[in-house]
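# An overview of the molecular structure
Here is how the chains run, residue by residue.
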Amino acid sequence: MRYDPIDPQLFVQNRRRFAREMKPDSIAIFHSNDQMPRNGDQFFEYRQNSNLFYLSGLDQPEVIVVLFPDCIKDAFREVAFIKRSNEKISIWEGYKYTKEDARKVSGIDKVYFLDEMETVLHELILLAKRVYLNVPENDRFQPEVESRDARLGRQLMAKYPGHKYHRAQPILKKLVMIKSDIEIGIMRHCMDITDKAFRRVLQFVKPGVMEYEVEAEIGHEFIRNRAWHGYHPIIGSGKNNCVLHYNENNQRCQDGELLLLDFGAEYANYSADLTRTIPVNGVYSERQKAVYNAVLRVMKEATTMLVPGNNLTDYQKEVGRIMESELLGLGLISKDDIKKQDPDWPAYKKYFMHGTSHHLGLDVHDSNHRYDPIQAGMVFTCEPGIYIPEEGFGIRIENDILVTDHEPVDLMAHIPVEAEEIEALMQATVLQ
């Protein structure tokens with residue numbers, strides 16, 4: 001791993017929080033992600049299962065973590081299984097955890113090799129009445145590729161049909177929504193790296209550069225800070241501003257166009273999520289600046305509503321009303337459009353069609369209970385946008401916001417966002 005060691009107390013506390021939510025006489029089993037075939041004999045770059053990492057910090061393939069909080073055998077209330085290394089593996093693949101290393105990283109005292117698992121896990125399951133399975137659950141995404149946890153679940157249900165089986169995800173979603181101080185510290189570091197990358201881009205962008213060259217500048221800054229992309233970066237110039245998930249990043253940035261940048265550094269598996277829209281030539285046109293400032297006003301006002309007790313459904317409706325006012329001021333919609341609008345698809349959605357906020361953490365779209373009220377400790381993006389295909393440009397601005405018991409904390413407040421500041425930084429580069 002490129003990142004500095006994480007205090008294992010984070011994972012110790014996460015396991016305790018999960019165990020408190022388990023039913024009596026229950027065992028919970030968490031599997032690492034598969035290594036996904038790429039082509040030939042190659043694999044895609046490995047990324048650990050977020051839930052297993054959340055509970056253990058163990059960050060390599062072929063890891064299993066077992067929790068059995070009221071096991072009659074005290075020493076087996078937390079167990080980790082890791083791959084046994086050998087001389088050949090060390091030569092071809094490099095370092096793998098030793099048992100002592102796994103203990104140090106995770107805080108789990110009982111560590112076995114995977115080839116020792118069958119006997120140990122069999123006895124533990126027979127001592128339990130219930131089994132929690134970490135089967136993926138996302139109400140907006142149903143992958144066709146079966147996870148390792150799902151395969152393990154089918155095998156266990158066939159082998160131990162008399163047990164009761166439970167879902168780990170509802171518990172995990174409840175827990176991961178609330179970030180600890182250690183997690184917030186890691187996320188702040190992600191955002192500091194993202195800030196460095198953005199400032200590098202401001203010094204680099206000028207008419208004639210390619211979108212992929214801008215992407216390369218971001219990647220350069222990420223790697224030199226021991227990070228990588230938390231998601232595929234969107235580097236969209238001109239009309240590509242209006243493609244919400246544009247990822248070709250292969251066009252030339254032209255004089256007079258805007259460049260929409262949506263990217264975030266991932267460090268220690270946690271992610272930042274930033275969006276800025278900058279002028280390719282370093283100066284916004286009058287119309288571009290008017291739209292930019294309208295989006296910025298919506299973002300600032302929306303941020304103030306990310307407070308305990310609010311909920312994302314009502315929040316989105318209120319943001320829609322704010323955006324409606326801005327679009328009226330820009331002449332993009334009329335009062336007649338609003339009067340005749342479909343309540344299920346208000347007039348403002350012609351120019352702002354996506355949600356304003358989502359949870360952020362170990363995943364850029366972090367696990368959550370969508371309809372739970374907003375609580376202190378949650379981290380949200382705040383990302384309004386206005387997209388005007390008929391004018392050939394769109395603008396989105398996005399910061400990451402920590403909810404507290406007092407007022408929201410903008411974790412990206414140090415990253416340039418005002419139009420004049422962006423222009424000044426870009427123009428300073430031109431004058432050098």
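Preceding this section is the structure that the text describes.
Residues numbered from 1 in each chain as written. Predicted model: local features only at pLDDT ≥ 70, side-chain atom pairs only at ≥ 80, totals over all residues. Heavy atoms only, no water.

Once that is clear, we can look at the environment of Pro346. Positionally, Pro346 belongs in the loop between α12 (335–339) and β15 (379–382). Residues Pro346 and Gly320, 26 residues apart in the sequence, show an inter-C-alpha distance of 8.3 Å. (Helix = DSSP H or I, 4+ residues; strand = E, 2+ residues; numbered from the N terminus.)

Positive phi, close to 55°, is recorded for Asp25, a residue that is not glycine. On the secondary structure map, Asp25 appears in the loop between α1 (9–21) and β1 (26–31). Residue Asn269 is not a glycine yet carries a positive backbone phi of 75°. Along the chain, Asn269 falls in the loop between β12 (265–267) and β13 (270–271).

Next up on the list: the pairing of strand β7 (residues 130–133). Both faces of β7 are covered, namely the face carrying Arg130 and Tyr132 and the face carrying Val131 and Leu133. Pairing of β1 with β7, which is carried by four bridges, proceeds in the parallel orientation. In the sheet register, Ile27 faces β7, and the bridge partner there is Val131. Pairing geometry for β7 and strand β8 (residues 164–167), over four bridges, is parallel. Looking at the pairing, Tyr132 lines up with His166 of β8. For the crossover that starts at β7, traverses helix α6 (residues 148–159) and ends in the parallel β8, the hand is right-handed. (Buried < 20%, exposed > 50% of the residue type's maximum accessible area, 1.4 Å probe, protein only. Pairing = 2+ DSSP bridges. Right-handed = clockwise from strand over helix to strand, strands pointing away.)

What follows deals with α6. In this model α6 runs 17 Å from its N-terminal to its C-terminal C-alpha over 12 residues, within 8% of the 16 Å that 1.5 Å per residue would give. Taken as a whole, α6 has its buried residues at Asp149, Ala150, Leu152, Gly153 and Leu156. The arc that holds the buried residues of α6, viewed along the axis, is 160°, so those residues lie on one side. Relative to its buried face, α6 has exposed residues pointing more than 90 degrees away, namely Gln155 and Ala158. Elements that come into contact with the buried residues of α6 comprise β1, α5 (117–127), β7 and β8. (Expected span 1.5 Å × (residues − 1). Arc of directions from axis to C-beta. Contact = heavy atoms within 4.5 Å.)

Let's shift gears to the pattern of salt bridges. As enumerated under the stated definition, the model contains 29 salt bridges in all. Among the salt bridges present, the one from Asp74 reaches Arg77, with a minimum N-O distance of 3.0 Å. With a relative accessible area of 34%, Arg77 lands in the partly exposed category. Overlapping salt bridges bring together Glu62, Lys83, Glu93 and Lys96 as one network. (Salt bridge = Lys/Arg side-chain N within 4 Å of Asp/Glu carboxyl O.)

Right, let's talk about the side chain of Ser56 for a bit. Take Ser56: it is sitting in helix α2 (residues 50–56). Residue class for Ser56 comes out buried when judged on its relative accessible area of 0%. Once you skip the residues sitting within four places of it in the chain, Ser56 turns out to touch Phe11, Arg15, Val65, Val105, Ser106 and Ile108.

Turning to the packing of α1 against helix α7 (residues 169–176), a few remarks are in order. Direction vectors running N to C along α1 and α7 enclose 135°, while the axes themselves pass 10 Å from each other. Considered as vectors, α1 and α7 are oriented oblique to each other. Between α1 and α7 lies a crossing whose hand is right-handed. Side by side, α1 and α7 meet where Asn14, Arg17, Phe18 and Glu21 of the first sit next to Ile171, Leu172, Lys174 and Leu175 of the second. Taken together, the residues that form the contact of α1 with α7 break down as four nonpolar, one polar and three charged. (Axes fitted to C-alpha atoms, helices over the stretch in contact; angles between N-to-C directions. Parallel < 35°, antiparallel > 145°, perpendicular 65-115°, else oblique. Left-handed = near helix turned anticlockwise from the far one by under 90°. Nonpolar A, V, L, I, M, F, W, Y, C, P; charged D, E, K, R; others polar.)

Moving on: the sheet that holds strand β14 (residues 274–279). Sheet strands associate in pairs through backbone hydrogen bonding, adopting either a parallel or an antiparallel arrangement. Taken together, the three strands give an open sheet; going across it, the order is β10-β11-β14, and neighbouring strands pair in antiparallel fashion. With one partner strand each, in any of the chains shown, β10 (234–237) and β14 form the two edges of the open sheet. The mean angle between the axes of side-by-side strands here comes to 10°, regardless of whether they run parallel or antiparallel. Two strands pair when backbone bridges link them, and β10 and strand β11 (residues 258–263) are joined in this way by four bridges, in the antiparallel orientation.

Moving on to the sheet that holds strand β18 (residues 399–402). An order of β15-β18-β19 is seen for the three strands of this open sheet, with the pairing classed as antiparallel. At either margin of the open sheet sits one strand with a lone partner, and together these are β15 and β19 (409–410). Pairing of β15 with β18 involves four bridges; the strand directions are antiparallel. Looking at the pairing, Val379 lines up with Leu402 of β18.

One way to put it is that helix α10 (residues 286–303) packs onto helix α11 (residues 312–330) with a least axis distance of 10 Å and a crossing angle of 155°. Here α10 lies roughly antiparallel to α11, going by the angle between them. Pair α10 / α11 crosses with right-handed handedness. Touching Arg287, Ala290, Val291, Ala294, Arg297, Val298, Glu301 and Ala302 of α10 are Tyr315, Val319, Ile322, Met323, Glu326 and Leu330, all from α11. Partitioned by chemical class, the residues of the contact of α10 with α11 number 10 nonpolar, no polar and four charged.

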